[in-house]
Amino acid sequence: YMQEQLWMRVAQGPLSDIYQHTATVTSRHERLALFGLVPGVLTAIALLPAGVTGSWILHVNAPSAQAVYLTNFVHSGWAHLAINVATYLVFMSTLLAVAVYAEARRSLFAVTMVFVVVVPGIVSGYTLWLVSGRGVNTVVGFSGVNAALLGYIPVALFRLFQNTVSAEIRPHHALPVVAVVLAVIFSTWAGVRGSTILLGGLGVVGVCLTWWLGRGEWRTITTSAPHSMLVWSATIVFLGGSYGMFVNTSPSTNIYGHLSGFVAGVAIPTLGSILMTGYQSVIGFAE
């Protein structure tokens, strides 16, 4: 009986509203592109002969130009592939729902495309720079691009706040939130230091300033069950994903690749937001 009640609450609650609204606003082709292309390509690559994908693997001591990019789409086994595909689907589901409510689906498609094209090179390059000579032989997997999607979640959330709370809030105002999370991550890696305290402190100040920008208007989020559920769900996915990618990791995990992908996932859309804000300011001044 309790299970039935719980299911009824899920089926008829704000999560159901979010799902139905997202499915209504997006087309079948959009959903297929976002949820089918990447898992399909990764699975197809996994089915290729080892002789083909073997030349795509990035060997740290003898990297090839093609491997710098293609190694991000090769996996060490089916379990590795399944974890990365499942992670991609969770992150993309979160991002799509947020983008729909923020009326920013085009931005999601554009940013995702940039991530797939640009982030693999960043992840491989940063990894080679840091792990060369440390006994690491090969680097494979899509987790660096997944980390970029993870980094995009808070930026997308602040785009939602801009659309629903206050036009004064900008997507790049997500940086203080990211600073706090990074401060915690770095503290778990090397202990609490003055630099992490400073980073976290600046982040907290930034979060407070952003809250002040939307003063009196946050009720548009808190009084709407779907909006509240969406924000809380995206926050849980972001924090849970950050924990899984940077704290609760195995010794073989390429945390350097995760970190570079995460930072790129924050920086790329943030830079776009800053440039757009500057452009709008120039246009407004000229008028």
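All values derive from a computational prediction rather than experimental measurement. (Residues numbered from 1 in each chain as written. Predicted model: local features only at pLDDT ≥ 70, side-chain atom pairs only at ≥ 80, totals over all residues. Heavy atoms only, no water.)

### Details of the overall build of the protein chain
Summing up its helical and strand segments, the protein chain has 13 helices and 2 strands in all. Taken against the 2.2 N^0.38 rule, which gives 19 Å for 287 residues, the C-alpha radius of gyration of the protein chain at 20 Å falls within 12% of a compact globule. By its C-alpha atoms, the protein chain is 60 × 50 × 45 Å across when sized along the principal axes. Looking at the 287 residues of the protein chain, the share that counts as buried comes to 42%. Total accessible area on the protein chain is roughly 15,300 Å²; 68% of this is exposed by carbon and sulfur atoms. (Helix = DSSP H or I, 4+ residues; strand = E, 2+ residues; numbered from the N terminus. Rg over C-alpha atoms; globule rule 2.2 N^0.38 Å. Buried < 20%, exposed > 50% of the residue type's maximum accessible area, 1.4 Å probe, protein only. Areas by Shrake-Rupley, 256 points an atom, 1.4 Å probe, with all protein chains shown as cover.)

### Some remarks on a nonpolar patch on the surface
Among the surface-exposed residues, Met113, Val114, Val117, Val118 and Ile122 lie close enough to one another that they form a single nonpolar patch of about 410 Å² accessible area. Along the chain, the position of Val117 falls in helix 7 (residues 105-131). Assessed through its relative accessible area of 54%, Val117 is described here as exposed. (Patch = residues over 30% accessible without salt bridge, like charges linked within 9 Å, V, L, I, M, F, W, Y side chains within 5 Å. Salt bridge = Lys/Arg side-chain N within 4 Å of Asp/Glu carboxyl O.)

### Focus: the packing of aromatic side chains
One pass over the full model with this rule turns up 11 aromatic pairs. The interplanar angle of 55° and the centroid separation of 5.8 Å between the aromatic rings of Tyr126 and Trp129 together place this pair among those described as tilted. Here the residue Tyr126 and the residue Trp129 both occupy positions in helix 7, the gap between them amounting to 3 residues, near one helical turn. Judged by its relative accessible area of 28%, Tyr126 is partly exposed. Judged by centre distance (5.1 Å) and plane angle (75°), the rings of Phe161 and Trp218 are edge-to-face. Of the two residues, Phe161 sits in helix 8 (residues 143-164) while Trp218 sits in the loop between helix 10 (194-213) and helix 11 (219-222), which places them 57 residues apart along the sequence. By the burial criterion, Phe161 is buried, and Trp218 matches it. In this structure an aromatic cluster arises from ring pairing among Phe186, Trp189, Phe238, Phe246 and Phe262. (Phe/Tyr/Trp six-rings, centres within 6.5 Å; stacked < 30°, edge-to-face > 60°.)

### Quick look at helix 3 (residues 28-46)
Note: α-helices contain 3.6 residues per turn, so residues at a spacing of three or four share the same orientation. Compared with an ideal rise of 1.5 Å per residue, which puts 19 residues at 27 Å, helix 3 spans 26 Å between its outermost C-alpha atoms and is within 8% of the ideal. Of all the bends in helix 3, the greatest, near 40°, is centred on Gly36, and the proline Pro39 appears no more than four residues after it. Listed in full, the buried residues belonging to helix 3 are Glu30, Leu34, Val38, Pro39, Leu42 and Ile45. In this structure, the buried residues of helix 3 make contact with helix 2 (14-25), helix 4 (50-53), helix 6 (78-101) and helix 7. (Expected span 1.5 Å × (residues − 1). Bend = angle between axes of the 7 residues up to and from the residue. Contact = heavy atoms within 4.5 Å.)

### So, the pattern of salt bridges
Within this structure, the stated rule accounts for 1 salt bridge. Residue Glu30 pairs with Arg105 through a salt bridge whose shortest N-O separation is 3.2 Å. Within this pair, whereas Glu30 is found in helix 3, its partner Arg105 is found in helix 7, the two being separated by 75 residues in sequence. Judged by its relative accessible area of 25%, Arg105 falls in the partly exposed class.

### Describing the nonpolar core
Counting residues in hydrophobic clusters, the biggest one holds 61 residues, and the most contacted among them are Leu108, Leu150, Tyr152, Ile153, Leu160, Phe161 and Phe262. In terms of residue count, helix 8 provides more of this core than any other element does, 13 residues in total. Once residues within four sequence positions are removed from consideration, Leu108 is found in contact with Leu34, Met92, Leu95, Leu96, Ala99 and Tyr152. Among the nonpolar cores identified, the runner-up in size contains 6 residues, and Leu58, Val60, Ala67 and Leu128 belong to it. (Core = buried A, V, L, I, M, F, W, Y, C linked by side-chain atoms within 4.5 Å.)

### Quick notes on unusual backbone geometry
Its identity as a non-glycine residue notwithstanding, Glu103 has a phi of 55°, on the positive side. Position of Glu103 among the secondary structure elements: in the loop between helix 6 and helix 7.

### Some remarks on the side chain of Ser224
Following the sequence through the fold, Ser224 ends up in the loop between helix 11 and helix 12 (225-246). Residue Ser224 is classed as buried on the basis of its relative accessible area, which comes to 18%. Separated by 2.8 Å, the side chains of Ser224 and His227 make a polar contact. (Polar contact = N/O pair within 3.5 Å; in protein donor to acceptor, adjacent residues only side chain to side chain.)

### With respect to the layout of surface pockets
The space that makes up the largest pocket amounts to roughly 840 Å³. Those elements that provide at least two residues to the lining of the largest pocket are helix 6, helix 7, strand 2 (138-139), helix 8, helix 12 and helix 13 (255-286). No other element matches helix 6, which puts 6 residues into the lining of the largest pocket. In the lining of the largest pocket, the residues fall into 13 nonpolar, 24 polar and 1 charged. A volume near 520 Å³ is recorded for the second largest pocket. (1 Å grid on protein atoms, 1.4 Å probe; cavity = no way out; pocket = protein on both sides within 12 Å on 5 of 7 lines; lining within 4 Å. Points joined across faces, edges and corners; volume = space filled by probe spheres on them. Nonpolar A, V, L, I, M, F, W, Y, C, P; charged D, E, K, R; others polar.)

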